Structure formats: structure tokens, C-alpha cells
Amino acid sequence: MKTKPQFNQRPLRLLAMAALVATVALAKPTAALAQCETPGSTMTMATGTVIPAQAAAITAMQTTLSALYTATTTASSATLIASLEAMETALNARMRQFWNDWDEALKGMTTQLNAGVSDQSRQMSSLFDSSNLTETARGFQRRELQARQNFRPTEEGCRFDTTARYMSEASGVTRAASSLMSQQTSGLANNNVGTPAANGPAGVVRNRFEEYRNRFCDHLANGGSTACGGSSATTPNAHIMPSVTLFGRETLDMSNADTQIAVNELIYNITGFKPPEIIENNVLNGAAGKEQRQDNRGYLAQMDAVNALGFSIVAERAPGRASSEVQEIRQRVGINDASPNASEREIRQALMEQLWDPNYYVGLTDSVNTVSQKEVFLQAYNLMLLYRMFEKAEKIANAQAIEGGNILDRKAASLRGGRRDDLPTNQ
């Protein structure tokens, strides 16, 4: 709430004093002319008449001037105050309008300045991030290039890796096939019921002759006088040609009955295995029967050790699970009869055939690390072959131990009062 200004009373006093001085100046007596007056009456008259009149005039003038001043100053003050208030109102309104006009602009400018500062920080941060990202990417590229040069996998290495998983499974198939063949032979050696040897070696001979006539007979043999009936069988002479039947292919098709029986017949023909005669119960319970039984068991044990050499050759060529990659690897080097179910022997052959590929030697010029990788692969393959050689050596050593024992047995026969002509090495 606005209050009216309080006026100062000092100017009024000054104005009254000015009026009094003017009155005194006007009331100054003029030069007196000679008059007939009563001595002392003039002063009395002046004192009693003029002075009150002058005082009244002065008072009236003062009152008039004061009223005039008051009226004039009141009106002027009101006008001035009104003008000042109007000016204040206009000034305030203009200032408010000025601020309103500048408020949005200043806000926008502030926003823009703040955004500019933030954007500048973002741009600088983006620049630093881009620099760091570029430097990191270059570091990765350098390391990738170095790793590619040092550890780049070769095609030969991939082939080794591919065949490794099949090799492990094929080794299991080899062991299983060898064990199966040993068990089948053991059934014949023990004259088991249900086998051709149940009635003694004569039954095995008859069975083998029928297989010969139906599968392996060559009508040109024996001057044409054979049991073939005028034409050869399906696989003539397959049971007497290990170079063809066993070593002619890396994987044997054991699902083919001709191949399976030809392999069994080859084992018979190579080792000279012959099932023992049947021992009657009345003889078996006697001393001679028991001794013959023990001789037969010794013969069968020795024959199984000898057969193990042939079984290992066949079992290594037993087909494994489907391995199209191994087949493709062999076909690439020109092998047309690669099996889709590669055996352990064929997988090893596939590894060896890589050395026939000219690209293998071209790859040696890639880098020093490539040569080191191939050297490691070859060392691993060499270790695997060395293990197989040890395995074969164990079987050969077992057979040689049998032969050495039989030689000693023959030399000491006179001391024991007899000979053992039924041993495998004495046949």
C-alpha cells in the first residue's frame, strides 16, 4: 500500500518571514511634514492603530499566502504524485513486459548454452572413445594377424583332427572284433555243442569242404578234376590268398558272408588249427584221459596265442561306423575303393596318404609355425604307430615264447619218457 509523502514545513516559515520583511519595508515612515500635533500623540496613535492594523494585514497576508501555497502545493503534489504513480506503473509494466520478452529468450539461450556445453563434452568424449576404440581395434587386428601367422590351422591339421575321433572308435571295434574271433575259435576248440566240432575234427573237415565247394572252388584246379561241378564258386581261392583277401583292401566287408568265411578259412590254413578229438567220459575219468585233456588244453592255449596274430590283422580291417570324411579324404588323393565305414587300418592309411598330396609340401612354406604344427601331428601319428608296434611285438613275443617252450620240450622229451607231437610248432 502506497502512502502520500509528508511535506516539509520549513519553506512555509521562510515564506512568512519574507512577507513580514516586505510589510516592514512598506510601512517605513516617509519624511514628516510640519503638522500640528500633540506631542506624544503620534506614537500613541501608531502604537494603538497602525501596529495592530499592520499585524492584522500581515496575518491576513500570511494566511492568504499559506492558503494559496497549501492549495497550490496540494494540487501540484497530487498531480505530481499521480504522475509519479502513473510513471511508476508504466515503468513497472514496461519492465515486466521487458522481462517477459527476455525471459523466454534467456531461457532458450541458457538451454542452448547448456546444451552446447553438454554437446561439447559429448563430442570430446566421442572423440576420445573413437580414438580408444580405434586403438583397441588396431591392437586386436595386430594380435589376430600375429595369431593367424603363428597358429593358423592347416588343412592337414584339420584332417588329423577329423580322423582322430573316428580312430578312437575304430580302435574299440578292432578290440571287439579280435575278441569275437577268439571266442568263435574257442567254441570250435572246445568241441562245443552246436558247432561243427561237436563231433570232433571230422565234422569241421566236412563243414570246411562244403564251404570250399560252395564258395572257394576253382574248377581249373587239380587239372580240372574238382568238386566244383564244372564252374568256379563265387570267390575262388579266396581262402588261400591272404594277399588278396586280407591285404587287398583296407576295410573288409564283414557283412558279406563270402568274405567272412574266407577270413576264417585263412586263419585255419595259415595256423594249421585242428580241433581235438572228442574224449569219451569213461576215458576222460581215467588217468590217460585226464592227461590227454590237459595236453589238449595246452594245445588250444598255444593255438589261441598263434591265432591272435591273424585275428589282429583281420580285426584292424573290421568296418567301423560311418565316416564319410575319411572316405572323402582318401578319394581326394585318387583312392576309388575307399570305404564309407573306414576301419582302423584304413584311417591310418588315410593319414599316411596325406604325405602323397603335393599340397602338403606346398603348405610347408606358409610359416615356421605351420611346419611346427605338422611336426607335432607326425609325432603324434608316430607315437600311435609305435604303440601298435608294441602291441604286435607282444603277440609275436608270445608266439616265440611258445615256440621256444616247444623246442625245449622236444629236447627234454627223453627225460620225460615221451614226445608231444601234437603241439602247433611240431606240426
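Look up a bit, the structure's there.
Parameters and conventions
Along each chain, residue indices are assigned from 1 in the same order as the chain's sequence is written. At least 70 in pLDDT is required for a residue's local features to be given in this predicted model, at least 80 for side-chain atom pairs to be given and counted, and no such filter applies to totals for whole chains, interfaces and linings, which use all residues. The basis for every side-chain value is the complete set of heavy atoms in the structure, and neither hydrogens nor water enter the calculation. Each helix is a run of H or I in the DSSP string that is no shorter than four residues. Each strand is a run of E no shorter than two, and both are numbered from the N terminus. Summary of the burial criterion: residues with accessible area below 20% of their type's maximum are buried, those above 50% are exposed, and those between are partly exposed, where the area comes from a 1.4 Å probe applied to protein chains only. A contact between two residues is defined here by any heavy atoms of the two lying within 4.5 Å. Arc definition: it is the arc formed by the directions from the helix axis to the C-beta atoms. Whenever a carboxyl oxygen of Asp or Glu lies within 4 Å of a side-chain nitrogen of Lys or Arg, that contact is scored as a salt bridge. To estimate how far a helix should extend, the number of its residues minus one is multiplied by 1.5 Å. To get the bend at a residue, fit one axis to the 7 residues ending there and another to the 7 starting there, then take the angle between the axes.

### Concerning the side chain of Q349
Right, so step 1: Relative to the assigned elements, Q349 resides in helix α10 (residues 344-353).
Right, so step 2: You can call Q349 buried: its relative accessible area is 14%.
Right, so step 3: Excluding residues within four positions of it along the chain, Q349 makes contact with E250, R330 and W356.

### Points about helix α9 (residues 324-332)
Right, so step 1: Turning to α9, its buried residues number three or more, namely V326, Q327, I329 and R330. For α9, the angular spread of the buried residues around the axis is 160 degrees, confining them to a single face.
Right, so step 2: In the core, the buried residues of α9 are packed alongside α3 (155-189) and α10.
Right, so step 3: Directly after α9, the chain includes G334, whose backbone phi takes a positive value near 95 degrees.

### Focus on the environment of L309
Right, so step 1: Within the element layout of this structure, L309 appears in helix α8 (residues 287-315).
Right, so step 2: Overall, the relative accessible area of 25% leaves L309 in the partly exposed class.
Right, so step 3: Through-space distance from the C-alpha of L309 to that of N398 is 9.8 Å; in sequence the pair is 89 residues apart.
Right, so step 4: Setting aside anything within four residues of it in sequence, one finds L309 in contact with K392, K395, I396 and A399.

### Some thoughts on the pattern of salt bridges
Right, so step 1: Inspection of every chain in the model, using the stated rule, returns 19 salt bridges.
Right, so step 2: Notably, a salt bridge pairs E325 with R165, separated by 3.3 Å at the nearest N-O pair. One end of the pair, E325, is in helix α9; the other, R165, is in helix α3, and 160 residues separate them in sequence.
Right, so step 3: With a shortest N-O distance of 2.4 Å, E391 and R388 are connected by a salt bridge. Pair noted here: E391 and R388 are both in helix α12 (residues 368-411), with a separation of three residues, about one helical turn.

### Focus: α3
Right, so step 1: Counted at 1.5 Å a residue, the expected span for α3 with its 35 residues is 51 Å, and the 50 Å between its end C-alpha atoms agrees.
Right, so step 2: Of all the bends in α3, the largest measures some 30 degrees and sits at A164.
Right, so step 3: The first or second residue beyond α3 is N191, which carries a positive phi of 55 degrees.

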